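# Coordinates in review
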Amino acid sequence: MNSPTSERAWRAIYRLLDRVSPVPYDCGTLCGAACCRAEEPGKEMGIYLLPGEELLHPRPEDPENDWLIWREDDPEEHGLPCNWPKPAYFVRCKTPPKCPRELRPFQCRTFPLKPFINSDGILTLVYNLDDLPYKCPLAWQAMELTEDFVKATYTVWYHLLRDPAVLEMVAEDSDLEL
Ligand code: SF4
Ligand code: SF4
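This write-up is about the structure you can find in this document. (Residues numbered from 1 in each chain as written. Chains lettered and ligands numbered in written order. Predicted model: local features only at pLDDT ≥ 70, side-chain atom pairs only at ≥ 80, totals over all residues. Heavy atoms only, no water.)

### Thoughts on the packing of aromatic side chains
What counts is decided by this rule: Only Phe, Tyr and Trp rings are paired, with Trp represented by its six-membered ring, and only when their centres lie within 6.5 Å; those with planes under 30 degrees apart are stacked, over 60 edge-to-face, the remainder tilted. Working definition: helices are DSSP H or I runs of at least four residues, strands are E runs of at least two. Numbering for both runs from the N terminus. For the exposure calls, accessible area comes from a 1.4 Å probe over protein chains only, and a residue counts as buried if that area is under 20% of its type's maximum, exposed if over 50%, partly exposed in between. In this scheme, Lys NZ or Arg CZ marks a charge over a ring once it lies within 6 Å of the ring centre and within 35 degrees of the ring normal.
All told, the structure shown has 7 aromatic pairs when counted by the stated rule. Plain terms: the ring middles of Tyr 48 and Phe 90 are 5.0 Å apart, the flat faces sit at 65 degrees to each other, and that makes the pair edge-to-face. In this pair, Tyr 48 sits in strand E1 (residues 47-48) while Phe 90 sits in strand E3 (residues 88-93), placing the two residues 42 residues apart along the sequence. Across the pair, exposure class does not vary: Tyr 48 and Phe 90 are buried alike. Where Phe 111 meets Tyr 134, the ring centres are 6.2 Å apart and the plane angle is 65 degrees; that geometry is what we call edge-to-face. Of the two residues, Phe 111 is situated in the loop between helix H4 (106-110) and strand E4 (113-117) and Tyr 134 in the loop between strand E5 (123-127) and helix H5 (137-140); the sequence distance between them amounts to 23 residues. With relative accessibility at 16%, the residue Phe 111 sits in the buried group. These aromatic residues form a ring-pair network of at least three members: Trp 10, Tyr 14, Phe 106 and Trp 157. In this structure, Arg 109 is placed above the aromatic ring of Tyr 14, and the distance from its NZ or CZ to the ring centre is 3.8 Å. The ring of Trp 140 has Lys 135 sitting right over it, with the charged end atom 3.9 Å from the ring centre.

### Observations concerning helix H7 (residues 164-173)
Applicable threshold: Should any heavy atoms of two residues lie within 4.5 Å, those residues are counted as being in contact. Here a polar contact means two N or O atoms within 3.5 Å. Within protein one must be a hydrogen donor candidate and the other an acceptor candidate, and residues neighboring in sequence count only if both atoms are side-chain atoms.
Where H7 is concerned, the buried positions are Ala 165, Val 166, Met 169, Val 170 and Ala 171. Next to the buried residues of H7 lie E4 and helix H6 (147-160). Capping of H7 at its N-terminal end is provided by Asp 163; its side-chain oxygen lies 2.8 Å from the backbone amide nitrogen of Ala 165. Positive backbone phi, approximately 55 degrees, marks Asp 175, located one or two places after H7.

### What about the pattern of salt bridges?
Which entries qualify depends on this criterion: Salt bridges are defined as contacts in which a side-chain nitrogen from Lys or Arg sits within 4 Å of a carboxyl oxygen from Asp or Glu.
Evaluation of the coordinates by the stated rule reveals 9 salt bridges. Here Glu 7 makes a salt bridge to Arg 11, at a shortest N to O gap of 2.7 Å. With Glu 7 and Arg 11 both in helix H1 (residues 7-18), this residue pair falls 4 residues apart, about one helical turn. For Glu 7, a relative accessible area of 33% puts it in the partly exposed group. Residue Glu 40 is joined to Lys 43 by a salt bridge in which the shortest nitrogen-to-oxygen separation is 3.9 Å. On the basis of relative accessible area, Glu 40 is assigned to the partly exposed category, the value being 33%.

### Concerning unusual backbone geometry
In this structure, the amide linkage connecting Pro 96 to the following residue, Pro 97, adopts the cis form with an omega of 5 degrees. With respect to the helices and strands, Pro 97 occurs in the loop between E3 and H4. Residue Phe 111 is joined to Pro 112 through a cis peptide bond whose omega torsion reads 15 degrees. Topologically, Pro 112 is positioned in the loop between H4 and E4. Although it is not a glycine, Ala 33 sits at a positive phi angle of roughly 55 degrees. Note that Ala 33 resides in the loop between helix H2 (28-31) and helix H3 (34-37).

### Let's talk about the environment of Thr 95
When you line up the elements, Thr 95 lands in the loop between E3 and H4. Take Thr 95: its relative accessible area is 47%, and that puts it in the partly exposed class.

### Some remarks on the pairing of E5
Keep this limit in mind: Strands are labelled as partners when DSSP assigns at least two bridges between them.
Two elements, E4 and E5, share 5 bridges in a ladder whose sense is antiparallel. The residue bridging Phe 116 from the neighbouring strand is Thr 124, located in E5. Hairpin geometry of E4 and E5 is characterised by an intervening segment of 5 residues between the two adjacent antiparallel strands and by a positive phi of about 80 degrees at Gly 121.

So, in structure tokens, the structure goes:
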């Protein structure tokens, strides 16, 4: 099943997020780029591309894309919603924290905020305080984030919720039954 978020829409999302940053300086200096360098014994660290996001990335066998290691997963076996398109693309960078900035995945661009749908069905953004092998100082110290970043992140999540697979993922994370 193809994602309802087209390649064109994904390009617009990347463009919008290219223009913003959570804070007006390199937050990697606060923590040694902890979110890029995360490691956990016995666990392969990386991120899932959202449905359709893979359209923006050359195929893994393309030498221009050799900065990522790709894995194709069965979504249901990896805790993703059952309506997620198959396969789910799990990627990790070969040389973190260095990457082609204009190609970094969506989840890297919107961290440390994550979407949350409240009991009134309204989308909000919250700091990501998930159990991760590192603690992002921006999130755990509730540091002020730039208004542009918060607005752009809200806009793109709002748009992406039109995809039933993304909606299901966010609803599950929000402990909400659709
Ligand atoms: S987002 Fe958080 S964990 Fe990642 S580099 Fe910035 S401060 Fe560090
Ligand atoms: S793609 Fe870039 S920003 Fe994202 S985890 Fe890798 S090195 Fe960090």
